[in-house]
Amino acid sequence: MLTLKLNEIPRKMHFMQYKGNPHAIDVRKIAKTGIFELCAYVPGKPIQEVKEEYGLEEVIKLASNECPLPLPEKVIQSIHEETKNLSRYPDGHCRKLRSRLSNQLGIPPECILFGNGAEECVRLISQAFLNRSDTGLSPSPIYDAYDTAVKMAGADVVTISLKDYRIDLDTTLQHVDNRTKIVWLCSPVNPTGTIITRKAFESFLEQLPEGILVVFDEAYLEFVSSKEAAHALDYLFADARVIGLRTFSKAFGLAGLRIGYIVAHPSVTEVISMVKLPFNVNALAQVAALMSLDETEFVKNYVRINAKERGFLHEKLEKRGMFVVPSEANFLFVEIPIDSDDLFRRLMPRGIIVRPGSIWGLDRFIRLTIGTREQNLKFLSALDQVLAETKMTAVLDKGK
Ligand SMILES: *Cc1c(COP(=O)(O)O)cnc(C)c1O
């Protein structure tokens, strides 16, 4: 029994008291089975944290594929306007946005289901469809939300390695068995930026047995220029197994508001809506997304800048003797001559944050978000400094 009343001791002491308390429970023992096998998401290091840690005024984050441009004034204005209504719950069905989007995409409103980011959509699909005996097939390395969602649903993950930095659909088919429920695909694929072609996707669908869902994540759709790329929207009605995923976080620049959506056959969205929280998308995200659909110039401009800068960075990195995977997205996957964690650590005090490949077990790669020209030049200059520095260290080490 605690002899002290909780409010008589400093708050920080509660934990200490609790630890010595004979009634304390070992929370780890009662936690859900398997929960410690989940890997908590490792987010890109926040700008503010790096600023404080190194006393920097400017930090350039090229780690999370965020939009580097300022948002359109009208989108910001729409958010300001909506703040007046924040004492009310949001529209749980995102009616206005859904109707606007259904017109734009030329599909019935019932085909669309919004989530708190596309990431929530990944969770919802898993919760709605996966039994414990099922498996989800996912490429590797890949955006980690798929595996986490499958494990959270108590099901098992089967991973299929990328081949030549692309999703290997043939090997994926070979791994399909009677436990397979979901195949996760991503085009362009995060982290390498390659696409799945229509031809490859159609051949895949033909060979895929009935009763297996194919989630086709197109978070980077707007940046794709290849005419050969497959798009989920083209398959929804012919094949109800196909579930498309899209987001406002990347090309629309609304990562901080958390809104993405599923496009699928109405029979599929109906099932998924069973597990959705009633108010999963907040009111500000809804109005901002709605307004951003009208700001077509913003997206066009960003896509244009991204394509130009992607070409620029690709060439500059190749000139430095590095291998760069041709990308259809707003990031590059780059093979680097030093350890990725080492590069990450040395770039940080210079005000640059990148994604080290070590998080996917690829120590010689980084994933680099395309920035503005100014940011990209700063990155290149910092990179050169680091490479010169490590060469120097290597020479010194040899001399010892
Ligand atoms: C960024 C990203 C998303 C979108 O995430 P949100 O939750 O909508 O911010 C989805 N899939 C992939 C592959 C991504 O890289």
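Residues numbered from 1 in each chain as written. Predicted model: local features only at pLDDT ≥ 70, side-chain atom pairs only at ≥ 80, totals over all residues. Heavy atoms only, no water.

**Here's the deal with the sheet that holds strand S13 (residues 365-369)**
Piece 1. The antiparallel open sheet is built from four strands, whose spatial order is S9-S10-S13-S12. Edge positions in the sheet fall to strand S9 (323-324) and strand S12 (355-356), since each of these pairs with one other strand and no more.
Piece 2. As judged from the two bridges shared by S9 and strand S10 (residues 331-335), these two strands associate in the antiparallel manner. Bridged to Phe 323 within S10 is Glu 335.
Piece 3. Along the sheet, helix H12 (residues 296-319) contacts S9, S10 and S13; its crossing angle with S10, the most-contacted strand, is approximately 5 degrees. (Pairing = 2+ DSSP bridges. Helix = DSSP H or I, 4+ residues; strand = E, 2+ residues; numbered from the N terminus. Contact = heavy atoms within 4.5 Å. Axes fitted to C-alpha atoms, helices over the stretch in contact; angles between N-to-C directions.)

**Some thoughts on the nonpolar core**
It is characteristic of soluble globular proteins that their nonpolar side chains tend to be buried jointly.
Piece 1. In terms of nonpolar packing, the biggest core is built from 83 residues, with Phe 114, Ile 125, Leu 185, Phe 201, Phe 204, Phe 248 and Ile 262 touching the most fellow members.
Piece 2. Leaving out residues up to four positions away in the same chain, Ile 125 has contacts with Ile 182, Trp 184, Val 215, Ile 243, Leu 245, Ile 262 and Ile 272.
Piece 3. Residues Phe 312, Leu 332, Phe 344 and Ile 352 belong to the second largest nonpolar core, which totals 30 residues. (Core = buried A, V, L, I, M, F, W, Y, C linked by side-chain atoms within 4.5 Å. Buried < 20%, exposed > 50% of the residue type's maximum accessible area, 1.4 Å probe, protein only.)

**Comments concerning the site of the ligand**
Piece 1. What surrounds the ligand is a group of 14 residues, the closest being Ala 118, Tyr 220, Thr 247, Ser 249 and Lys 250.
Piece 2. The contact in question runs from an oxygen atom of the ligand to an N or O atom on the side chain of Arg 258, over 2.6 Å.
Piece 3. Calculation on the ligand without its partners gives an accessible area of 390 Å², and the protein chains cover 94% of this total.
Piece 4. Considered class by class, the residues forming the shell around the ligand number six nonpolar, four polar and four charged. (Near = heavy atom within 4 Å. Polar contact = N/O pair within 3.5 Å; in protein donor to acceptor, adjacent residues only side chain to side chain. Areas by Shrake-Rupley, 256 points an atom, 1.4 Å probe, with all protein chains shown as cover. Nonpolar A, V, L, I, M, F, W, Y, C, P; charged D, E, K, R; others polar.)

**Observations regarding the side chain of Ser 64**
Piece 1. Along the chain, Ser 64 falls in the loop between strand S1 (60-61) and helix H4 (73-82).
Piece 2. Of the polar contacts made by the side chain of Ser 64, one reaches the side chain of Lys 61; its length is 3.4 Å.
Piece 3. Beyond its immediate sequence surroundings of up to four residues, Ser 64 is in contact with Gly 44, Lys 250, Arg 355, Arg 367 and Thr 369.

**With respect to helix H13 (residues 340-347)**
Piece 1. By the burial criterion, the buried members of H13 are Ser 340, Leu 343, Phe 344 and Leu 347. Each buried residue of H13 sits inside an arc of 100 degrees when the element is viewed along its axis, so together they form one side. (Arc of directions from axis to C-beta.)

**Description of the side chain of Lys 61**
Piece 1. Tracing the backbone through its elements, the reader meets Lys 61 in strand S1.
Piece 2. Engagement of the side chain of Lys 61 in a polar contact is seen with the side chain of Glu 66, the distance being 3.2 Å.

**Looking at the pattern of salt bridges**
Piece 1. Under the criterion given, the structure shown has 16 salt bridges.
Piece 2. A single salt-bridge network, built from bridges that share partners, covers Asp 342, Arg 346, Arg 350 and Glu 389. (Salt bridge = Lys/Arg side-chain N within 4 Å of Asp/Glu carboxyl O.)

**Observations regarding the pairing of strand S2 (residues 112-115)**
Piece 1. Residues of S2 alternate between two faces, with Ile 112 and Phe 114 on one and Leu 113 and Gly 115 on the opposite face, all of them buried.
Piece 2. Here four bridges tie S2 to strand S8 (residues 260-263), and the two strands are oriented antiparallel to one another. Along S8, the bridge assignment pairs Gly 115 with Gly 260.

**Some thoughts on a nonpolar patch on the surface**
Piece 1. On the surface, Ile 25, Val 27 and Ile 30 cluster together to form a nonpolar patch covering roughly 300 Å² of accessible area.
Piece 2. Here Ile 30 is to be found in helix H2 (residues 27-30). (Patch = residues over 30% accessible without salt bridge, like charges linked within 9 Å, V, L, I, M, F, W, Y side chains within 5 Å.)

**Describing the packing of helix H6 (residues 118-129) against helix H7 (residues 145-152)**
The description of two helices packed together rests on the angle between their axes and the distance between the axes.
Piece 1. The N-to-C vectors of H6 and H7 enclose an angle of 35 degrees; their axes lie 9 Å apart at closest approach. When the axes of H6 and H7 are compared, the crossing they make is right-handed. Across the interface between the two elements, Glu 119, Val 122, Arg 123 and Ser 126 of H6 pack against Ala 145, Tyr 146, Thr 148, Ala 149, Val 150 and Met 152 of H7.
Piece 2. Counted by class, the contact of H6 with H7 contains six nonpolar, two polar and two charged residues. (Left-handed = near helix turned anticlockwise from the far one by under 90°.)

**Examining the packing of aromatic side chains**
Piece 1. The final tally for this structure, using the stated rule, is 16 aromatic pairs.
Piece 2. Here Tyr 146 and Trp 184 contribute two aromatic rings whose centre-to-centre distance is 5.0 Å and whose plane-to-plane angle is 5 degrees, an arrangement assigned as stacked. Of the two residues, Tyr 146 is situated in helix H7 and Trp 184 in strand S5 (residues 180-186); the sequence distance between them amounts to 38 residues. Trp 184 carries the same exposure label as Tyr 146, and that label is buried.
Piece 3. Ring geometry for Phe 201 against Tyr 235: centres 5.0 Å apart, planes inclined by 85 degrees, an arrangement best described as edge-to-face. Within this pair, whereas Phe 201 is found in helix H9 (residues 198-207), its partner Tyr 235 is found in the loop between strand S6 (213-217) and strand S7 (242-247), the two being separated by 34 residues in sequence. Each member of the pair Phe 201 and Tyr 235 is classed as buried.
Piece 4. An aromatic cluster is present here, built from Tyr 165, Phe 323, Phe 333, Trp 360 and Phe 365 joined pairwise through their rings.
Piece 5. A cation sits over an aromatic face here: Arg 28 above Phe 36, 3.8 Å from the ring centre.
Piece 6. When the ring centre of Phe 312 is taken as origin, the NZ or CZ atom of Arg 373, which lies over that ring, is 3.6 Å away. (Phe/Tyr/Trp six-rings, centres within 6.5 Å; stacked < 30°, edge-to-face > 60°. Lys NZ or Arg CZ within 6 Å of the ring centre and 35° of its normal.)

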